[in-house]
Amino acid sequence: MKRRQALKRLLQASGGMVATLLPGCVNSQHLRLLFAVEPQQFDQPLPEHQVTPVGEFYVQSYASPPEVNLDTWQLQFTGLVDQPLTLKFTDILAAPQADFYLTMECIGNRTGGKQIGNALWMGTPLLPFLKQVGVQDKAVEFMLHGADSYETTLPVADLMRSDVQLVHRMNGEPLTRSHGFPLRIIIPGRYGQKQPKWLTEIEAIATPKKGYWERQGWSNTAKIATHAITQKIQGEKVWNKNYHVDLPRMGESGWQGGVTLAGVAIDQAQPMEWVRISTDNGQTWMQADINQPSSPHEWTLWQYLWQPTQPGTYKLLAQAKSRTETQKIIDKNGKDGSAGILRISVNLEP
């Protein structure tokens, strides 16, 4: 069955729901922080890594995950190549393997949302296979195809990078069905929309095309913008649907002993220069503590100890700056990823 026919049947079976959805990012994540954020522990350094458990890692819901038979699965290199190639899973495993940390985010993640996660991936570089097939000069893009009929495109140069990986393990275990078993592609610096799961074909094409979500108006480049996300205030988890916190004056969660703020920041590939915090809706700023992850594609952890002296209602903001970009206060174009700042209301009770 042709891909287009398969998609048409899928849309018919779902009553057209698939076509009208935003890039659906589904998860059961609770945004638990794996590093200490108690006032008495702020003299301890932040850990280098914070890994999201697979069961809490968001899932992109373009369609139902396909059933893939590992024994018959193949990855084909087709189109404008000198020597078309078909790989079996054993060929992937026989190639040089490496672990690397990388943070993935859904392009449909709302400002301050939960559809983001960091994992330790294992795979093999794509570049040696592309050199083996010989990409022809008239090829301008690669179209990536998944077993679920999903497709997206990227310029040839973007996939000819040494850090693009064919991945088959996540946090030390084989990819689950929902996360792309048996193989997905990882393209650092891009939102998840450009990194198809259940990868079955890499096709070199001469004419630029747009993929499924891009035809719905979403960014065709899908490059990750620099941004910080506040995840926790004192003991309260915060995100774009829970951005108001009430704190008593005294007690275990009381504000008089200090209020802990913590979260993450992400960029395409540049280290963060700073993450700064405002408690007065952006009038003044204070610099937070950040870690220095070894991977350029992994989120930066940050924390800040706020020591308010007066009760009242405060607006908290977190902003990030990488070597090349400073996070926007307001991001009006959500179609290229929501990278604005979430304003969190904190009420300090008398």
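Worth saying up front: this structure is predicted, and the values here are computed from it rather than measured. (Residues numbered from 1 in each chain as written. Predicted model: local features only at pLDDT ≥ 70, side-chain atom pairs only at ≥ 80, totals over all residues. Heavy atoms only, no water.)

(A) Focus on the overall build of the protein. Along its length, the protein carries 6 helices and 22 strands. A burial count over the protein gives 52% of its 350 residues as buried. A total of about 15,600 Å² of accessible surface is found on the protein, and carbon and sulfur atoms cover 50% of it. (Helix = DSSP H or I, 4+ residues; strand = E, 2+ residues; numbered from the N terminus. Buried < 20%, exposed > 50% of the residue type's maximum accessible area, 1.4 Å probe, protein only. Areas by Shrake-Rupley, 256 points an atom, 1.4 Å probe, with all protein chains shown as cover.)

(B) Looking closely at the environment of Ser-219. Looking at where Ser-219 falls in the secondary structure, it is placed in the loop between helix 6 (212-215) and strand 13 (227-233). Each C-alpha atom of the pair Ser-219 and Gly-337 lies 8.1 Å from the other, and the pair is 118 residues apart in sequence. In this structure Ser-219 touches Ile-107, Gln-193, Lys-194, Glu-214, Lys-335 and Asp-336, once residues within four positions along its chain are discounted. Among the polar contacts listed, one links the side chain of Ser-219 to the backbone nitrogen of Ala-222, at a separation of 2.8 Å. (Contact = heavy atoms within 4.5 Å. Polar contact = N/O pair within 3.5 Å; in protein donor to acceptor, adjacent residues only side chain to side chain.)

(C) Examining empty space enclosed by the protein more closely. Counting across every chain of the model gives 5 cavities of 30 Å³ or more. Estimated volume of the largest cavity: approximately 220 Å³. Forming the walls of the largest cavity are 23 residues, and the residues nearest its centre are Gln-60, Arg-184, Gly-192, Gln-195 and Lys-197. A class-by-class count of the residues in the lining of the largest cavity yields 13 nonpolar, 7 polar and 3 charged. (1 Å grid on protein atoms, 1.4 Å probe; cavity = no way out; pocket = protein on both sides within 12 Å on 5 of 7 lines; lining within 4 Å. Points joined across faces, edges and corners; volume = space filled by probe spheres on them. Nonpolar A, V, L, I, M, F, W, Y, C, P; charged D, E, K, R; others polar.)

(D) Highlighting the sheet that holds strand 15 (residues 244-247). Across the sheet, 5 strands lie side by side as 15-22-21-17-18; this open sheet has mixed pairing. Two strands close off the open sheet at either side, each with one partner strand: strand 15 and strand 18 (286-287). In this sheet, strand 22 (residues 344-348) lies alongside strand 15 in parallel orientation, the contact comprising 4 bridges. Counted as the bridge partner of Val-245 is Val-346 from strand 22. (Pairing = 2+ DSSP bridges.)

Bear in mind that shape data such as this cannot, by itself, settle questions of function.
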